[in-house]
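# Descriptive structure summary
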Amino acid sequence: QVQLVESGGGLVQAGGSLRLSCVASGSIFSIGDVGWYRQPPGNQRELVATITSDGSTNYADSVKGRFTISRDNAKNTVSLQMNSLKPEDTAVYYCNADIRPTILSGRRGYWGQGTQVTVSS
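An account of the accompanying structure is given in this report. (Residues numbered from 1 in each chain as written. Predicted model: local features only at pLDDT ≥ 70, side-chain atom pairs only at ≥ 80, totals over all residues. Heavy atoms only, no water.)

### Points about the overall build of the protein chain
Counting its regular elements, the protein chain contains 0 helices and 11 strands. Secondary structure elements of the protein chain, listed N to C terminal, follow the sequence β-β-β-β-β-β-β-β-β-β-β. At 14 Å, the protein chain has a C-alpha radius of gyration in line with the 14 Å of a compact globule built from 121 residues. For the protein chain, the spread of C-alpha atoms along the principal axes amounts to about 50 × 25 × 25 Å. Every one of the 121 residues in the protein chain was classed for burial, and the buried ones make up 41%. Put simply, of all contacts in the protein chain between residues at least 6 apart along the chain, 57% involve residues at least 24 apart. For the protein chain, the computed accessible surface area is about 6,300 Å², with 47% contributed by carbon and sulfur atoms. Between the mean site of the 11 positive side-chain charges and the mean site of the 9 negative ones, the protein chain shows a separation of 3 Å. (Helix = DSSP H or I, 4+ residues; strand = E, 2+ residues; numbered from the N terminus. Rg over C-alpha atoms; globule rule 2.2 N^0.38 Å. Buried < 20%, exposed > 50% of the residue type's maximum accessible area, 1.4 Å probe, protein only. Contact = heavy atoms within 4.5 Å. Areas by Shrake-Rupley, 256 points an atom, 1.4 Å probe, with all protein chains shown as cover. Lys, Arg positive; Asp, Glu negative; His and termini not counted. Charge placed at Lys NZ, Arg CZ, Asp CG, Glu CD.)

### Brief notes about the packing of aromatic side chains
Summed over all chains, the structure comprises 2 aromatic pairs. With a centroid separation of 6.4 Å and 85 degrees between ring planes, the pair formed by Tyr94 and Trp111 is classed as edge-to-face. With a gap of 17 residues between them, Tyr94 in strand β9 (residues 91-100) and Trp111 in strand β10 (residues 108-111) connect regions that are remote in the sequence. Take Trp111: its relative accessible area is 42%, and that puts it in the partly exposed class. (Phe/Tyr/Trp six-rings, centres within 6.5 Å; stacked < 30°, edge-to-face > 60°.)

### Structural notes on the environment of Pro41
Turning to its location among the elements, Pro41 is positioned in the loop between β4 (30-39) and β5 (46-51). Considering only alpha carbons, one finds Pro41 and Ser53, 12 residues apart in sequence, at a separation of 31 Å.

### Re the environment of Thr68
With respect to the element layout, Thr68 can be found in strand β7 (residues 67-72). With residues up to four places along the chain from it excluded, the contact list for Thr68 reads Tyr59, Ser79, Leu80 and Gln81.

### A closer look at the nonpolar core
Core analysis: the largest hydrophobic core is formed by 29 residues, its most contacted members being Trp36, Leu80, Met82 and Tyr93. In terms of residue count, the dominant contributor to this core is β9 (5 residues). Excluding anything up to four places from it in sequence, Met82 contacts Gly16, Ser17, Leu18, Leu20, Arg66, Phe67, Tyr93 and Val117. (Core = buried A, V, L, I, M, F, W, Y, C linked by side-chain atoms within 4.5 Å.)

### Considering the state of the cysteines
Applying the stated rule across the entire model yields 1 disulfide. What pairs with Cys22 in a disulfide is Cys95, and their sulfur atoms sit 2.1 Å apart. Judged by the torsion about the S-S bond (-75 degrees), the Cys22/Cys95 disulfide is left-handed. Placement of Cys22 in strand β3 (residues 18-25) and of Cys95 in strand β9 is noted, with a sequence separation of 73 residues between them. (Disulfide = S-S within 2.5 Å.)

### Re unusual backbone geometry
Positive phi is not limited to glycine here, since Asn76 has a value of about 50 degrees. Relative to the helices and strands, Asn76 resides in the loop between β7 and β8 (77-82). By relative accessible area, Asn76 is classed as partly exposed at 27%. Here Ser84, not a glycine, exhibits a phi torsion of approximately 50 degrees, which is positive. Mapped onto the elements, Ser84 comes out in the loop between β8 and β9.

### A short note on a nonpolar patch on the surface
Together, Phe29, Ile103 and Leu104 line one region of the surface with nonpolar side chains, adding up to about 370 Å² of accessible area. Summarising the element assignment, Ile103 is placed in the loop between β9 and β10. A relative accessible area of 54% means that Ile103 is categorised as exposed. (Patch = residues over 30% accessible without salt bridge, like charges linked within 9 Å, V, L, I, M, F, W, Y side chains within 5 Å. Salt bridge = Lys/Arg side-chain N within 4 Å of Asp/Glu carboxyl O.)

Shown next, in the form of structure tokens:
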């Protein structure tokens, strides 16, 4: 069984930094694209950043130049370094990974439970 666990959220002042981590565990044959999403209070979930299996990255315009997504394939971990945080970055942050559990199974997307990020002004 595959499990994604996010960590690293918390309360930070505007201008501060946080580093989120997403660790995949369980039966994992391969991990493809991984994305960080966020859901601000009262709003829909939105894409923040993605990273492919070969390390290509993509960012939402609102976080370009401030956030950096990276991955450590040996540790099944994807991180999101968030700098120059703004109050509008406040949200629950979720990790989504495209995972193939076994060599015989197909690939599907998995979600973590989310981690809260709160940026005070």
